[in-house]
Each structure stands twice: as C-alpha cells, then as structure tokens.
Amino acid sequence: MLVGLVGKTNVGKTTFFSAATLVEAERENRPFVTINPNEGVGYIRVESVCTEFGVRCNPKYGWCNGRHRYVPIKLLDVAGLVRGAHRGRGLGNKFLDDLRRASVNIIVVDASGSTDEEGNPVPPLSHDPVEDVMIVKEEFSLWVASIIERSKSKIRGKLVAGSSVDEALHEVLSGLDIGRELIKDVLRDLSLERSPLEWSEGDLLSFSREVLRRGKPFVVAANKVDVPGAEENVKRMAESLKEPVIPVSAEAELILRKAAKAGLIRYEPGDEDFEVLDESRLTAAQRRALEAIRERVLSRYGSTGVQRTLEVAVYEVLGMKVVFPVENETKLSDKDGNILPDAILLPREGTVRDLAEKIHSEIARKALYGIDVRERRRISLDYVLRHRDVVKIVAAR
Ligand SMILES: Nc1nc2c(ncn2[C@@H]2O[C@H](COP(=O)(O)OP(=O)(O)OP(=O)(O)O)[C@@H](O)[C@H]2O)c(=O)[nH]1
Ligand SMILES: [Mg+2]
C-alpha cells in the first residue's frame, strides 16, 4: 500500500512526510528542495480489537496503545511541480514516474497562500491555493495524455495485430497500474471506443482525466492552517473542490511528534491534544510554540490533520479495510503465542480467500474455509470480510 505526496514546490510535502514517518529529510522555505524521492513508513489507525477482546496485542509491525492500533503504510514524498512539469519545466516529470506505483495521492497545498505559482515565498493570503490543486491535476492528466501521444505507433501496431482499444491502451499505460476493466469502462462512458489514433486533443485529455479520476484518486491536504487567515481558504477549497479537503498543519505535527519522542509531552499521531510531562524541562520558547499549536491548530481543527489525511485516503477514498488473521482462535494468537500479530489491509471487496492470498500463496491453495472469531461462526472463502474482522483460516494439511 503506497500513498504518494504530490504538489507545487515549497508547500510542505516533505514536512508532511517527516511528520508522518519521523524520517529526517531536507526541508526549506525555497522551491525545489527535494530532488530524489523519500520513502518511509507512516501509519493509519484502527480502533483496537485487543481491548474489545480483553487482551493485549503484540503487533509485528506498528504499535497499539489499547485505544488504537497503528498499521503501517508506505509513503512517498517526491519533487515539487510547477505548471508545465509534464513538458519538463522545473524539475520536470520524473516525479510523475515516481508516483506511478501509488494507489492514492495526497495533493499538499499551501492553504495560507504564502507561496506564489512558482513556489517562491510571498506574504500570506496573496496566492489562491485552489489554483494549485487544479494545476497538479492538470499536469497529471497532461502527462498521461503525453504517454498515449508518444505511443501512437505502438497503439497502431497493436490494433493492426488484432488487439482491442482497451487492450492497447492498457498496455501503453501499464506502468500506471490501472486495471483494463476501468479503461474499458471509461472508453464506453466517454464514447471513445474508436481508435485513439482518431481522437482529437480534447478526447485524449478527457480520457486521461477520467482514467486518473477513477484509477488514481486524490485527497487534498490544506497545509499551513496554523497561519492566520488560512481558515477562509480551507473553507473555499472545501466548497469548490470535488476531492476531500482536510485542514492540516504538518509543521505542528512534526513539532508534536519530536517533542513526544524527546519525552517532553505525551502525544500520539491523530490525538486531539497533548499533555506536558514535565513543565520544568521546557524552555520558554518551547512552551510558547506548543501553546500556539494548541490554540491555532488543535482546538480549532480537532487535530493536526496529518493522521486524518492518511486515514481519509486509505479508508474513505480507497475504501480499504483492516482485518486480523490469527492461527489460534481462543488465544487470538499465532502459533508462537503472539496475540493479534498481523493487521492486513484489504480492498473493499476483499474476501477470506484474498486474506489467505496475502498471508501465503501456499495457505491460499490449501484453504478450506474461515472462522469469524468474533461471531464464532464458519465463513466461506468467498465471504466478504468486514473492517476489524478477526479471522482464522482453516487449511487442509
Ligand atoms: N507555517 C507552516 N509552515 C510550514 C508547514 N509545513 C511546512 N511549512 C514550511 O514550508 C516550507 C517548505 O516545506 P517543505 O516540506 O520543504 O516543502 P516541500 O513541498 O517538500 O518543498 P520542495 O521539496 O522544495 O518542493 C518550510 O519552510 C516549512 O517549514 C506548516 O504546517 N505550517
Ligand atoms: Mg520536499
């Protein structure tokens, strides 16, 4: 499960990435700081299952505090873009290539409007962040269109050899990891089933936009909400954009997580507040910074928004769910006695068989049926699992 971070240069992508992963990476208030992509592990929360069953889990990956289990997902922070990136402007379109593997992309924008179209610092509220979202989406679409445009002779060859239009396009766009069925649906819905060699420029762009909309969805992180005045922009974005818009202060999250790591405060990602552990260890400047975060971000928006953005992307936009496989249904453990060791992400329609497949192809081959541990009942391999299900897979020996 890979989540991409994309956006105009100098809006806080790397700050968001570091806040979610605690991976140190270069951040600065100027355009094009990040050149090579940063990859790290972030987490999404699930309401703890162990507490419900009256046990304490031992996660193999991530952690659990009895209230939430933190389940790992991969995050990718790439170089920033400016208008014309698909043609090679700025740092060009390499970042788009880096993002091909991502299932969902978070568009990070500077909701405080303190960076101009090229990412240069300007006074707050002097640039419209809605425009930045449009530019990112348009650059993505133009990039997909340019791949198809460049592959016209390949498409011609495939069509001559008897391939269908969706087959030819699927092959040309294979790097994007978008299903052939989806491409077929888009072609039908846009009445573009004739040869792409006959498409107008407008047809090409509509197709690219629609394939991306359905296959590589976006979530908008309206960053820098700690800057006074950003609130108005967030409201306007939420009203005018189709994508979910989440108010975020990546900087605040990074400060809170670092302070927690240093033992100065008690705070876990996504919390609505923090608690100072030892007043005497805080400098006056630290105390002021923490108070400002509480006042301008936490009490106004309910959290820093970093955690919420990841969860909206994975749960709401992709519709994923988390399930817990166990080998011993009485102890809720694996064969070594580790309680609820694994938390597995599955797509919306994921079944018992899909879960078996994720664990091991050998188990999937031998699987007979599952046991819903919560309800103590047998479930078939085709049973569509629910979020937070605890499942034992019974396999032939
Ligand atoms: N006030 C405020 N500033 C922020 C926030 N997040 C990031 N910044 C600042 O924005 C500037 C750019 O941050 P980066 O994380 O380097 O931005 P980027 O989008 O990765 O930029 P490039 O890699 O250069 O494209 C830095 O000065 C950050 O401190 C935030 O939530 N609030
Ligand atoms: Mg960066």
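Structural notes on the site of ligand 1
At step 1: Taken together, 23 residues surround ligand 1, and among them Thr-15, Val-33, Thr-34, Asp-226 and Glu-251 come closest.
At step 2: A distance of 2.6 Å is found between an oxygen atom of ligand 1 and a backbone nitrogen or oxygen belonging to Val-33.
At step 3: Between ligand 1 and the protein, one listed contact pairs an oxygen atom with a side-chain N or O atom of Thr-34 at 2.8 Å.
At step 4: Considered on its own, ligand 1 offers 660 Å² of accessible surface; in the complex 89% of this is hidden by protein.
At step 5: Of all the elements in the fold, those that place two or more residues in the shell around ligand 1 are α1 (13-21) and α10 (250-261).
At step 6: Class assignment for the residues of the shell around ligand 1 results in six nonpolar, 10 polar and seven charged.

Brief notes about the coordination of the magnesium ion (ligand 2)
At step 1: Coordination of the magnesium ion (ligand 2) by the protein involves Thr-14 (OG1) and Thr-34 (OG1), with metal-donor separations of 2.0 Å. Of this pair, Thr-14 sits in helix α1 while Thr-34 sits in the loop between α1 and β2 (38-47); the two residues are 20 residues apart in sequence, bridging distant segments of the chain.

Concerning the packing of aromatic side chains
At step 1: The tally for this structure, following the rule as stated, stands at five aromatic pairs.
At step 2: For the pair Tyr-43 and Trp-63, a centre-to-centre distance of 4.8 Å together with 65° between the ring planes defines the contact as edge-to-face. Here Tyr-43, found in strand β2, pairs with Trp-63, found in strand β3 (residues 63-64); they are 20 residues apart in sequence, far enough to count as distant.
At step 3: The partly exposed category is assigned to Trp-63, whose relative accessible area is 25%.
At step 4: Taken together, a centroid distance of 6.3 Å and an interplanar angle of 80° make the contact between Phe-140 and Trp-143 edge-to-face. Pair noted here: Phe-140 and Trp-143 are both in helix α4 (residues 129-150), with a separation of three residues, about one helical turn.
At step 5: The exposure class of Trp-143 is buried, given its relative accessible area of 2%.
At step 6: By way of ring pairs, the aromatic residues Tyr-43, Trp-63 and Tyr-70 are connected into one cluster.

Structural notes on the pairing of strand β10 (residues 321-326)
At step 1: Burial analysis of β10 places six of its six residues in the buried class, the great majority of the element.
At step 2: The side-chain alternation of β10 yields two buried faces, one formed by Lys-321, Val-323 and Pro-325 and the other by Val-322, Phe-324 and Val-326.
At step 3: The sheet contact formed by β10 and strand β11 (residues 344-346) spans three bridges and is antiparallel. Counted as the bridge partner of Lys-321 is Leu-346 from β11.

Quick look at α10
At step 1: A rise of 1.5 Å per residue sets the reference length of α10, with its 12 residues, at 16 Å; its end C-alpha atoms lie 16 Å apart and thus fit the reference within 8%.
At step 2: Three or more residues of α10 are buried, namely Ala-250, Ala-252, Glu-253, Leu-254, Leu-256, Arg-257 and Ala-259.
At step 3: Two residues or fewer after α10 comes Gly-263, characterised by a positive phi angle close to 80°.

Quick notes on the rules
Residues numbered from 1 in each chain as written. Chains lettered and ligands numbered in written order. Predicted model: local features only at pLDDT ≥ 70, side-chain atom pairs only at ≥ 80, totals over all residues. Heavy atoms only, no water. Near = heavy atom within 4 Å. Polar contact = N/O pair within 3.5 Å; in protein donor to acceptor, adjacent residues only side chain to side chain. Areas by Shrake-Rupley, 256 points an atom, 1.4 Å probe, with all protein chains shown as cover. Helix = DSSP H or I, 4+ residues; strand = E, 2+ residues; numbered from the N terminus. Nonpolar A, V, L, I, M, F, W, Y, C, P; charged D, E, K, R; others polar. Donors = N, O, S within 2.8 Å, 3.2 Å for Na, K, Ca; no water. Phe/Tyr/Trp six-rings, centres within 6.5 Å; stacked < 30°, edge-to-face > 60°. Buried < 20%, exposed > 50% of the residue type's maximum accessible area, 1.4 Å probe, protein only. Pairing = 2+ DSSP bridges. Expected span 1.5 Å × (residues − 1).

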